[in-house]
Amino acid sequence: MFYINSIKLNNFRCYSSKAITFAPNINIIYGQNAVGKTTVLESIAYLGLLKSFRDAKDADLIKNDESYFFINGKFNDDEEKNMVDIVVSYNDKGKHIKKNSYIYQKNSDYIGYFNVVSFDPSDLELVKGAKALRRRFLNINISQIDKEYMLSLMKYNKILKKRNEYLKKDDKKAIDMVYLDTLTTLLAEEAKYIIRKRRDFIEELNPYIRESSLKMTEGKEEVELTFSPNSDELNVEKEYKSKERYDIAAKKTTVGPHRDDILVLINKKDADIYASQGQVRTAVIAIKLALSEYMKKINDKQIILLDDVFSELDMQRQEDLLNILSEKNQIFIT
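Right, let's walk through the structure included here. Quantities reported herein were computed from a predicted structural model and do not represent experimental measurements. Along each chain, residues carry numbers from 1 onward, in the same order as the chain's sequence is written. At least 70 in pLDDT is required for a residue's local features to be given in this predicted model, at least 80 for side-chain atom pairs to be given and counted, and no such filter applies to totals for whole chains, interfaces and linings, which use all residues. As a convention, hydrogens and water are excluded, and side-chain values are obtained from all of the structure's heavy atoms.

**Here we look at a positive patch on the surface**
For the record, the criterion: To count toward a patch, a residue needs a relative accessible area above 30% and no salt bridge. Like charges then connect within 9 Å, nonpolar side chains (Val, Leu, Ile, Met, Phe, Trp, Tyr) within 5 Å. In short, Shrake-Rupley with a 1.4 Å probe defines the accessible areas, and a residue's cover is counted only from the protein chains shown. Here a salt bridge means any side-chain nitrogen of Lys or Arg lying within 4 Å of a carboxyl oxygen belonging to Asp or Glu. Working convention for charge: Lys and Arg count positive, Asp and Glu count negative, and His plus the chain ends are omitted. To locate a charge, take atom NZ for lysine, CZ for arginine, CG for aspartate or CD for glutamate. Strands are runs of DSSP state E lasting at least two residues, helices are runs of H or I lasting at least four, and both sets are numbered from the N terminus onward. Classification of residues uses two cut-offs on accessible area relative to the type maximum, computed with a 1.4 Å probe and protein chains only: under 20% is buried, over 50% is exposed, and between them is partly exposed.
A cluster of like positive charges, contributed by K131, K168, K252 and R259, occupies part of the molecular surface. Here K131 lies in helix α4 (residues 131-145). The class of K131 is partly exposed, set by a relative accessible area of 44%.

**Looking at the pattern of salt bridges**
By the definition in use, this model includes 22 salt bridges. A salt bridge links D85 to K74; the shortest N-O distance between them is 2.5 Å. Here K74 lies in strand β4 (residues 69-76) and D85 lies in strand β5 (residues 84-91), a separation of 11 residues in the sequence. A residue is classified by how much of its surface remains accessible, and D85, at 18% relative accessible area, is buried.

**Quick look at the sheet that holds strand β1 (residues 3-12)**
Put simply, the test is: Paired strands are those between which DSSP finds at least two bridges. Every angle, taken between N-to-C directions, lies between 0 and 180 degrees, and every axis is a line fitted to C-alpha atoms, over only the stretch in contact when it is a helix. Note on contacts: a residue pair qualifies if any of its non-hydrogen atoms lie within 4.5 Å across the two residues.
Read from one edge of the open sheet, six strands run β2-β1-β4-β5-β6-β7, paired in antiparallel fashion. Strands at the two margins of the open sheet, each flanked by one partner only, are β2 (15-21) and β7 (102-104). Looking at each pair of strands side by side, their axes are set apart by 15° on average, direction ignored. Sheet analysis places β5 next to strand β6 (residues 94-99), joined by six bridges and oriented antiparallel. In the sheet register, Y90 faces β6, and the bridge partner there is K95. The strands touched by helix α1 (residues 37-49) are β1, β2, β4, β5 and β6; relative to β1, the strand with the most contacts, the crossing angle is about 110°.

**Looking at a nonpolar patch on the surface**
Residues I26, I28 and Y30 make up a contiguous nonpolar surface patch of about 380 Å² in total accessible area. Tracing the backbone shows Y30 in the loop between β3 (26-28) and α1. By relative accessible area, which is 73% here, Y30 ends up exposed.

**Overview of the side chain of N299**
Our working definition: Identification of polar contacts relies on pairs of N or O atoms within 3.5 Å, with a donor-acceptor requirement for protein atoms, meaning one able to donate a hydrogen and the other able to accept it, and with residues adjacent in sequence counted only if both atoms are side-chain atoms.
Relative to the helices and strands, N299 is located in the loop between α10 (277-296) and β12 (302-306). Its relative accessible area of 14% is what places N299 among the buried residues. Here the side chain of N299 touches Y113 through a polar contact of 3.4 Å, landing on its backbone oxygen. Polar side-chain contacts of N299 include one of 3.0 Å to the backbone nitrogen of K301. When residues no more than four places from it in sequence are discounted, the contact partners of N299 are G112, Y113, F114 and N115.

**A look at α10**
Test applied: Expected span, for any helix, means 1.5 Å times one less than how many residues it has.
Taking 1.5 Å per residue, 20 residues should reach 28 Å; α10 reaches 29 Å between its end C-alpha atoms and fits that length. Most of α10 is tucked away, with 16 of its 20 residues classed as buried.

**Considerations on the sheet that holds β3**
Pairing in this open sheet of four strands is parallel, and the strands run β3-β13-β12-β8 from one edge to the other. The sheet is open, and its two edges are formed by β3 and β8 (115-119), each paired on a single side. The sheet shows a mean angle of 15° between the axes of neighbouring strands, direction not considered. Pairing of β3 with strand β13 (residues 330-333) involves three bridges; the strand directions are parallel. Bridge assignment links N27 to a residue of β13, and that residue is F332.

**Description of the packing of α4 against helix α6 (residues 177-216)**
This is how the line gets drawn: Should an angle fall under 35 degrees it is called roughly parallel, over 145 degrees roughly antiparallel, and 65 to 115 degrees roughly perpendicular, with every other angle called oblique. Side-chain classes are defined by residue name, with Ala, Val, Leu, Ile, Met, Phe, Trp, Tyr, Cys and Pro counting as nonpolar, Asp, Glu, Lys and Arg as charged, and the others, Gly among them, as polar.
Between α4 and α6, the shortest axis-to-axis distance is 11 Å and the interhelical angle comes to 85°. By the angle class used here, α4 and α6 are roughly perpendicular. When α4 is examined against α6, the residues R135, F137, L138, N139, N141, I142 and I145 are found in contact with a partner set consisting of K197, R198, F201, I202 and L205. Taken together, the residues that form the contact of α4 with α6 break down as seven nonpolar, two polar and three charged.

**What to know about helix α11 (residues 315-325)**
Applied cut-off: Note that the arc is defined by the directions from the helix axis to the C-beta atoms.
The complete set of buried residues in α11 reads R317, Q318, D320, L321, I324 and L325. Burial along α11 is one-sided: seen end-on, the buried residues are contained in an arc of 165°. Packed against the buried residues of α11 are α6, α10, β12 and β13.

**Some thoughts on the nonpolar core**
This is how it is decided: As used in this record, nonpolar core signifies buried Ala, Val, Leu, Ile, Met, Phe, Trp, Tyr and Cys residues forming a set joined through side-chain atoms within 4.5 Å.
In terms of nonpolar packing, the biggest core is built from 57 residues, with F137, F201 and L205 touching the most fellow members. Residues contacting F201, with those up to four places away along its chain left out, are F137, L138, N141, I142, I145, L291 and Y294. Among the nonpolar cores identified, the runner-up in size contains 38 residues, and Y46, I86, Y90 and Y113 belong to it.

Structure (structure tokens):
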């Protein structure tokens, strides 16, 4: 079995120094508001994702008036002879990752060692919030299980930034169309791959979402995702090039996967329009539980983090959720 045995924190969020030991299965973290319950979950997630599940910048995770943070997790891993020791630290010189005695030179080489599935109240924005939040959902979860996607996304964002900076030139006459075409072609190559991987991911995840949502609602509500790409995978380069003059005027790239979206449906209806708060919460939790099942088929090293998960769920749905959770790997609940 894979699980985190203990964690030590220094200068992380509200903690100057904190050491905690965990149980292999379900861990309940309780206490008054603002004592750091969510921070414990965030630190565990950071060891897997190398970023905050609350979309905070690394520098914002450093305790006030300090210059660094340090997280040390000790993991039980049946594939390893000894306990796995992971250290992640951050200061103004960057991020440093070490697994036992091995020091990683690239974040991308480490991500995917274990998967994190998390829920916190901000995830409710997955249904009713901005498109960027739903793209982030796709990017974080696909990147955990597909390094090629993660690398393609990094390339895409780098080229997109370069193209947008070029489009911002004050003198439009000075724009070299040959150079712009070159950037457009490079962008399109990555875009095709990203669009295809996002579509495949949603198609593969949906059966798990339907199953978990029906379990949580005693068969009453079936949740699924629909991919809404901003551009066509087969014709994305043509779409980019047809928009070049418009992009020059707008001073930004106006088409591509950086504008993709997904819709959350409950019983075939748009949850953003028709769902109650309780239904939205149930739908998002069902999606996260489905992620857990889907990811376990690829990598069974997984930790589930649930922050304030039971609010706005009636007693029956709370009971159904607990029954589902009893089948899972190591779980943390605040």
